[in-house]
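# Fold and contact review
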Amino acid sequence: MKRQFWVGLIAGIIVCGIIGGVFGLSLVGKKATVEPPEWEEEMATMMKHRKIPEAAAPATRIENSEENILTGGEHFGHHCAVCHDLEGDADSDFAKSFYPPVADLASPDVQEYSDAQLKWIIDNGIRYTGMPGWEKIIDDATQWKIVYYMRALANPEKAEKLEEVLKERGFWKIGAPTAEHHHPGEEAAGEQLEHTHAEGAEPEHEHEEQGEHHGGAVQEETHEHSHGEH
Ligand code: HEC
C-alpha cells in the first residue's frame, strides 16, 4: 500500500510537470500584440503580489520630500517613460504592444504594492515580461525617489503640479532608458549627451537649456547620487 502511494504521488507530480511545461511552451510563437485574457492577468497579479519580496530599507532614510519626488520624476523621464509614458499610464501603442502590456503605474494593482516591493521591482525587474531590473543602472537612493514619484502619480492633482515643475526644468521628455544621464556640472557626462537625448537633434543646445532651468536645490540633489557605472 505504502509503495503504491509513493509511486502514485511521483507519477502525479511528473504528469503535472509535463502539463505545466507544455502549457508554458504553448505561449511561445504567439503574438505579443494581443491583450491577455482577464483570468491570466488576475492570476499573474495575484502571484506577483504574493511572491514579490520587500527590498531592504535604505541605510539612511530617503525622505519623501517634494525635491526628492522631483528628482525621482526626472529619472523616471529618461529611464522609464519610454515604456510607461511620461504620465506613467502606459497609454501608448508601444506600451500596449508588450505581452503582458506595460503596467499603468497609477492603477490600483500597482499602487497596492508596498514601497519596499516597488523598490524591489525597480531593482530586480520582472522575469518574462519586458520590465527590466535596474540594479546596474540606477543607484538605491534614486530608486527610492522613483518609488515616491510613482506614488505621487496616483494623485492626479499632485501629478499635474509635478508635471508643471518638471516641464519648467526641462525634464519632461522621454530619454533612452539605459543612457548615462547628464547632470549640470558633470563634465565627463558631456560626451554621452548624444545618447542621453534620443530625440535631441541638437544635443548641445539641450544641454544648455537644462543648465539654465536647473534650480539650486535640484542641483544639490543631483550631485548627491551617481549612476552605478560612472
Ligand atoms: C522596456 C520597457 C520598460 C521600461 C524601460 C520600464 N518598464 Fe516597468 N514595466 C514594463 C512592463 C512590460 C511591465 C509589466 C510587467 C507585468 O505585467 O508584470 C512593467 C511593470 C512595471 C511595474 C509594475 C509591476 C506589476 O506587477 O505590474 C512597475 C512598478 C514598473 N514597471 C516600474 C518601472 C520603473 C520605475 C521604470 C524605470 C526605472 C520602468 N518600470 C521601466 C516595461 C518597462
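Higher on the page you've got the structure.
Along each chain, residues carry numbers from 1 onward, in the same order as the chain's sequence is written. Residue-level local features of this predicted model are given only where pLDDT is at least 70; pairs of side-chain atoms are given and counted only at 80 or more, and the full residue set underlies all totals for whole chains, interfaces and linings.

Moving on, we come to the overall build of the protein chain. Numbering of helices and strands runs from the N terminus, with a helix taken as a DSSP run of H or I at least four residues long and a strand as a DSSP run of E at least two residues long. Assigned secondary structure in the protein chain consists of 12 helices and 0 strands. The burial tally for the protein chain puts 23% of its 230 residues in the buried class. Here the contacts in the protein chain between residues at least 6 apart in sequence split such that 66% fall between residues at least 24 apart. In this scheme every C-beta is placed from the backbone, and a residue whose C-beta has 20 or more other C-beta atoms within 10 Å is buried, one with 12 or fewer is exposed, and one in between is partly exposed. Distance between backbone-placed C-beta atoms decides contact: two residues are in contact if it is within 7 Å.

The subject of this paragraph is the site of the ligand. Residues are classed as near a molecule or strand if the C-beta position derived from their backbone is within 6 Å of it. Near the ligand you find 24 residues, and of these Cys80, Cys83, Thr129, Gly130 and Met131 are the closest. Counting residues per element, the ones that place at least two in the shell around the ligand are helix 4 (81-84), helix 6 (108-111) and helix 7 (115-124). For the shell around the ligand, the class distribution of residues is 18 nonpolar, 4 polar and 2 charged. The residue classification treats Ala, Val, Leu, Ile, Met, Phe, Trp, Tyr, Cys and Pro as nonpolar and Asp, Glu, Lys and Arg as charged. All others, Gly included, are polar.

A separate point is the environment of alanine 106. One can find alanine 106 in the loop between helix 5 (93-96) and helix 6. By C-beta crowding, alanine 106 is classed as partly exposed, having 19 other C-beta atoms within 10 Å. In sequence terms alanine 106 and glycine 88 are 18 residues apart; their C-alpha atoms lie 6.9 Å from each other. If sequence neighbours within four positions are ignored, alanine 106 has contacts with Gly88, Asp89, Gln111, Leu153 and Ala154.

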